[in-house]
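Per-entry structural report
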Amino acid sequence: MGSLKTKTLYTVTLISSELKGPWGMHVLPDGRLLISSKPGTMQIVNTSGKIVKNITGFPEVQFQGQGGLLDINIDPEFTKNRMVYWTYAQPGEGAALAVAKGKLSADETKLEDVKVIFEASPRYKGSGQFGSRIVFDKNGNLFVSSGDRNAKDIRVKAQDLSATTGKIIHITKEGKPVSDNPFVGKADAKPEIYALGFRNPDGLAINPLTGDLWESEFGPRGGDEINLIKSGANYGWPYVTYGIEYSGEKVYDGIQQKEGTVQPVYYWDPVISPGCMMFYTGNIAEWKNNLFVGALSGLHVIRLVIKDNKVVGEERLLADKNERWRCIATGKNGAIYAATDNGNLYKIAKR
């Protein structure tokens, strides 16, 4: 893999250290940032890093382990309808990944008419590996990534079409299956499923050049992946993986390839623990349409150059910050905004 070095001069500025467990980030039409807080609230932050609004009105979240208030996105028609969508760990008899929506109040301090539109099944008592990101397709439907929930007794359901854990889900804004989903009308299959065989899909993004959906997969020990997501495709987890168990044992038969499953576009070993990703659409020309991946255990941000759906170069940025990178977005002003598990928000801008 060609190692890259950015030639453009850029600055990295810490603009806030007051975020509380940032997890999801989306740029509002006026350029401000909408940021989710894992304990169960959201903030609106201006581009100089000041928290200007605290938003409440969310259903209760299961805030433990990898659970909490997770990703956020806004309706493509947000300027007209003010609708916000989010994913969260929903408490109950066992937790479930849920998708909800609500209308941002006129004073931007609460969500109104909140409705849960999707709940992953089965519910499970643990607090691991919910996923989960939300992106809108060109028709205004939602892609949602749903994690396998981690434990050995449930992760096999990533291969089970009667469960929605370990899947990419494709639903309308009302939470109904999109009509041309690949398993619609198939007996014993959940019609919301778009693709299957995922462990912990913590990154999801649409390539602005091609319209393709890409996913970053938080693997076991060795086996973090970048995948190009196709309708109806099986990505193999937990029976097909480049990783091993944290204990050092192989995962099931320890196979890396299997007929009927799709290979990753790219994988890391040793792992970097991808926490988020985006395609860059800002004003640094050499970064245009590159895929940026925030690494958690890797403590850096990765820039991947993609050509013909293959990774042709990799650069590791911001390693000197020693931070776990959790959410990332391109601002209206062309800068990158990225937040970390420590509650820090950075702005990366052309000098």
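Examining the sheet that holds strand 14 (residues 193-196)
- Sheet architecture is open: four strands sit in the order 11-12-13-14, paired in antiparallel fashion. Of all strands in the sheet, those bounded by a partner on one side alone are strand 11 (131-136) and strand 14. Averaged over all adjacent pairs, the angle separating strand axes in this sheet is 15°, with direction ignored.
- Looking at chain direction, strand 12 (residues 142-146) and strand 13 (residues 167-171) are connected through five bridges and run antiparallel. Bridging across to strand 13, Val 144 finds its partner in Ile 169.

Some thoughts on the layout of surface pockets
- In this model, the largest pocket occupies a volume close to 750 Å³.
- As for the largest pocket, its lining consists of 30 residues, of which His 26, Asn 73, Val 135, Met 278 and Ala 329 are closest to the centre.
- Contributing elements (two or more residues each) for the lining of the largest pocket: strand 3 (22-27), strand 7 (69-74), strand 11, strand 15 (201-206), strand 19 (274-279) and strand 23 (325-330).
- Partitioned by chemical class, the residues of the lining of the largest pocket number 21 nonpolar, five polar and four charged.
- A volume near 360 Å³ is recorded for the second largest pocket.
- Looking at the second largest pocket, it is lined by 16 residues, and the ones nearest its centre are Asp 137, Lys 138, Phe 143, Tyr 194 and Gly 211.

Observations regarding the nonpolar core
- Counting residues in hydrophobic clusters, the biggest one holds 23 residues, and the most contacted among them are Tyr 85, Leu 142 and Val 144.
- Residue assignment for this core shows that the elements contributing at least two residues are strand 8 (83-90), strand 9 (96-104), strand 10 (111-119), strand 11, strand 12, strand 13 and strand 14.
- If one sorts the elements of this core by residue count, strand 8 sits on top with three residues.
- Grouped together as the second largest cluster of nonpolar side chains are 18 residues, Leu 34, Leu 69, Phe 78 and Ala 100 included.

Conventions used here
- Residues numbered from 1 in each chain as written.
- Predicted model: local features only at pLDDT ≥ 70, side-chain atom pairs only at ≥ 80, totals over all residues.
- Heavy atoms only, no water.
- Pairing = 2+ DSSP bridges.
- Helix = DSSP H or I, 4+ residues; strand = E, 2+ residues; numbered from the N terminus.
- Axes fitted to C-alpha atoms, helices over the stretch in contact; angles between N-to-C directions.
- 1 Å grid on protein atoms, 1.4 Å probe; cavity = no way out; pocket = protein on both sides within 12 Å on 5 of 7 lines; lining within 4 Å.
- Points joined across faces, edges and corners; volume = space filled by probe spheres on them.
- Nonpolar A, V, L, I, M, F, W, Y, C, P; charged D, E, K, R; others polar.
- Core = buried A, V, L, I, M, F, W, Y, C linked by side-chain atoms within 4.5 Å.
- Buried < 20%, exposed > 50% of the residue type's maximum accessible area, 1.4 Å probe, protein only.

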